[in-house]
Amino acid sequence: MTLSSMSALVSIFFLLWILKDLVVRGIAAINWDFFTHLPAPPGEEGGGIRHAIYGTLVITAMASAIAIPVGLLAGTYLSEYARHGRFGLVVRFLSDILLSVPSIIVGTFVYAIMVRPMGTFSALSGAVALAIIMIPVILKTTDEVLRLVPDVVREAAYALGAPRWVVITKVVYRGAITGIMTGIILAVARIIGETAPLLFTSFSNNFWETNILRPMATMTVVIFNYAMSPYENWQSIAWGASFVLTVFVLVLNLLGRFLFRGRKYG
Amino acid sequence: MKRIGDRIFKSVAFLSALLVVLLVVIIGVLLYMESRAAMDRFGFLGFIFRDVWNPVEDEFGGLFAVVGTLLSSAIAIVIATPVSIGVAIFITELSPSSLRGLLSAIIELLAAIPSIIYGMWGLFVLAPILRHSVEPWMIEHFGFIPFLGGKPYGIGLLNAGIVLSIMIIPYISSIVREVFSLVPDVMKEAAYAVGATRWEVVRNVVIPYTRSGIMAGVILGLGRALGETMAVTFVIGNAYRIPSTIYEPSITIASSLANEFTEATSTLHLSSLFFLAFVLFLITFVVMSLGRLIIMRMQRHGV
């Protein structure tokens, strides 16, 4: 009994420890320049990661634009057209597998299908890699929350003569909207912190870049490169970026949780 | 008109679902095709058991990375399993119900932290502590046990195992908690009625009843650990060799991909890296399927 209380305490202890280091070292590195400047040359003081913050937002937005419709529709198909039966079972199983494919493997895959044929690393290929990771997350939550919408609601809408797709888009989605939103927010929180799939796709860039067909820096890849560098200034910027990123992710998670608490069906 | 709208919506939804299936299949097939060059040269098992990794002379084998992957994950599982079960017991059976929600939320936040943050923390914070305090202490007191003696490194298998275990504890414990909640109250009450203590109820009723669920949780946690990249790349040390103690630097499949993929010097080098990715894909596929199948069976037949 004591042992189990201790293990709970140990887990919380590690969480607090990691957060403490992040806050202490992260805040020390953050100032106005951090958000508004481009990187300083190695060895020089100052500099910021404006380009990487921009890159993370752009790539995450593009990944969401791909993954949300696909994940939502696939989840809808499972819940509304294939709730029982073999096809639904196979899709759910493989979606769970896709969910657990190591993210670096998704990176190698996108490298082979996009980066090599196009001849260059690009923000777009990074977004595709993240979308592949995001789709099964959204599929799963959509499938689950749509199933919580009671059949009576659907039947009432059918009784008014509405076709099936109208029932789904106007009635079922509306009933499950908070659940769907929660799933999307948690999926975004998941991909915004991904590094591995971006290493071989969006790669990195030390300059301001807005062309999505060119390599683009992201916060996570910058953290990786800077933390591994021998320059103290860069390592400190990596801590600052980690802090900002973690705040992003935790806020998204809390938001998702908060929404979920006020749910109707899902 | 109704009919057409319905048909279009259904087809588009169907294609989306089909895309998920195709993605898994295509990823597998493509990794296989990309690794053909290395496979033809070294053979399938020949590659996996070959203990050489030399980009300069174009000689490659997977043994170092496979061994490093398995060992670091094994250390993670050894640490994470008891702690996760402990956390689950604490949250479901011991803590006052007012604390329960808060506690599980805090532990799940651990899972939300991006893996690269764990890596940085392991490199800059944990590594010096391991090198100067923990590992020398372990060597002094447990050095007589095989693999626990030797020199302290700080960066190496043990560090990777610890960081991985912190990362998978929330994952395993949330699954264990879920299966614990499936134990019918009647069974626990029956045990309490004959005078069992809380500990006895947990040990003799809850744990035996949920054994396969705990197993599934551990397997799924293992699947996570095997493919984890960023956290491990920071702290494993990236050394292509067979470690002789748990403190020594090593390499995992995922971290060797992260380090070398964009810098591959030859076709054979790149193909060998794809081969490693294919091996990792197969391993996680098997491990995850196993875990999922256990859970699916439990859902169908009860625990």
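Cut-off values and rules
Residues numbered from 1 in each chain as written. Chains lettered and ligands numbered in written order. Predicted model: local features only at pLDDT ≥ 70, side-chain atom pairs only at ≥ 80, totals over all residues. Helix = DSSP H or I, 4+ residues; strand = E, 2+ residues; numbered from the N terminus. Buried ≥ 20, exposed ≤ 12 C-beta atoms within 10 Å, placed from the backbone. Contact = placed C-beta atoms within 7 Å. pLDDT = per-residue confidence, 0-100. Axes fitted to C-alpha atoms, helices over the stretch in contact; angles between N-to-C directions. Parallel < 35°, antiparallel > 145°, perpendicular 65-115°, else oblique. Left-handed = near helix turned anticlockwise from the far one by under 90°. Nonpolar A, V, L, I, M, F, W, Y, C, P; charged D, E, K, R; others polar.

1. Thoughts on the overall build of chain A
Phase 1: Secondary structure assignment for chain A yields 12 helices and zero strands.
Phase 2: Element order for chain A, N to C, with α for helix and β for strand: α-α-α-α-α-α-α-α-α-α-α-α.
Phase 3: Counting only C-alpha atoms, chain A reaches 70 × 60 × 30 Å along its principal axes.
Phase 4: Buried residues in chain A amount to 53% of all 266 residues.
Phase 5: Restricting the contact set of chain A to residue pairs at least 6 apart, pairs at least 24 apart contribute 75%.

2. Some thoughts on the overall build of chain B
Phase 1: Looking only at helices and strands, chain B features 13 helices and two strands.
Phase 2: Taken over the C-alpha atoms alone, chain B extends approximately 80 × 70 × 30 Å along its principal axes.
Phase 3: Out of the 303 residues belonging to chain B, those deemed buried represent 49%.
Phase 4: Partitioning the contacts of chain B with sequence separation of at least 6, the portion at a separation of at least 24 is 76%.

3. Some words on the confidence of the model for chain B
Reading fine detail from the predicted coordinates is not recommended where pLDDT is low.
Phase 1: This prediction gives chain B a mean pLDDT of 92; 98% of its residues lie at or above 70.
Phase 2: Across the interface, the model reports ipTM at 0.92; the global pTM reads 0.93.

4. Quick word on the packing of helix α6 (residues 123-148) of chain A against helix α9 (residues 177-192) of chain A
Residue and element names in this part refer to chain A.
Phase 1: Running from N to C, α6 and α9 cross one another at 155°; their axes reach a closest spacing of 9 Å. Our classification of the angle between α6 and α9 gives roughly antiparallel. Between α6 and α9 lies a crossing of right-handed hand. Here α6 contributes Leu130, Ile133, Met134, Val137, Ile138, Thr141, Thr142 and Val145 to the contact with α9, which in turn contributes Gly179, Ile180, Thr182, Gly183, Ile184, Leu186, Ala187, Arg190 and Ile191.
Phase 2: In the contact of α6 with α9, the residues fall into 11 nonpolar, five polar and one charged.

5. What to know about the interface of chain B and chain A
Phase 1: Across the boundary between the two partners, chain B contributes 64 residues, which contact 65 residues of chain A.
Phase 2: Of all the elements, helix α1 (residues 2-34) of chain B adds the most residues to the side of chain B that touches chain A, at 19 residues.
Phase 3: Along the lines of polarity and charge, the residues of the side of chain B that touches chain A split into 49 nonpolar, nine polar and six charged.

6. Side note on the environment of A:Thr169
Phase 1: As for its placement among the helices and strands, A:Thr169 is situated in helix α8 (residues 164-175).
Phase 2: C-alpha of A:Thr169 to C-alpha of A:Thr76: the two residues are 93 residues apart in sequence and 9.7 Å apart in space.

7. A closer look at the environment of B:Arg241
Residues and elements named next belong to chain B.
Phase 1: Looking at the secondary structure, you find arginine 241 in the loop between α11 (230-235) and α12 (253-260).
Phase 2: Exposure remark for arginine 241: the 15 C-beta atoms within 10 Å place this residue in the partly exposed category.
Phase 3: Each C-alpha atom, one on arginine 241 and one on aspartate 51, is 7.8 Å from the other, the two residues being 190 residues apart in sequence.

8. Some remarks on unusual backbone geometry
Residue and element names in this part refer to chain B.
Phase 1: The phi dihedral of aspartate 58 falls on the positive side, at around 60°, and the residue is not glycine.
Phase 2: When you line up the elements, aspartate 58 lands in the loop between β1 (53-54) and β2 (59-60).
Phase 3: Of the residues examined, aspartate 58 has 13 C-beta atoms within 10 Å and is grouped as partly exposed.
Phase 4: Backbone geometry places asparagine 238, a non-glycine residue, at a positive phi of 50°.
Phase 5: Position of asparagine 238 relative to the elements: it lies in the loop between α11 and α12.
Phase 6: Taking the number of C-beta atoms within 10 Å as the measure of exposure, asparagine 238 has 19 and is therefore partly exposed.

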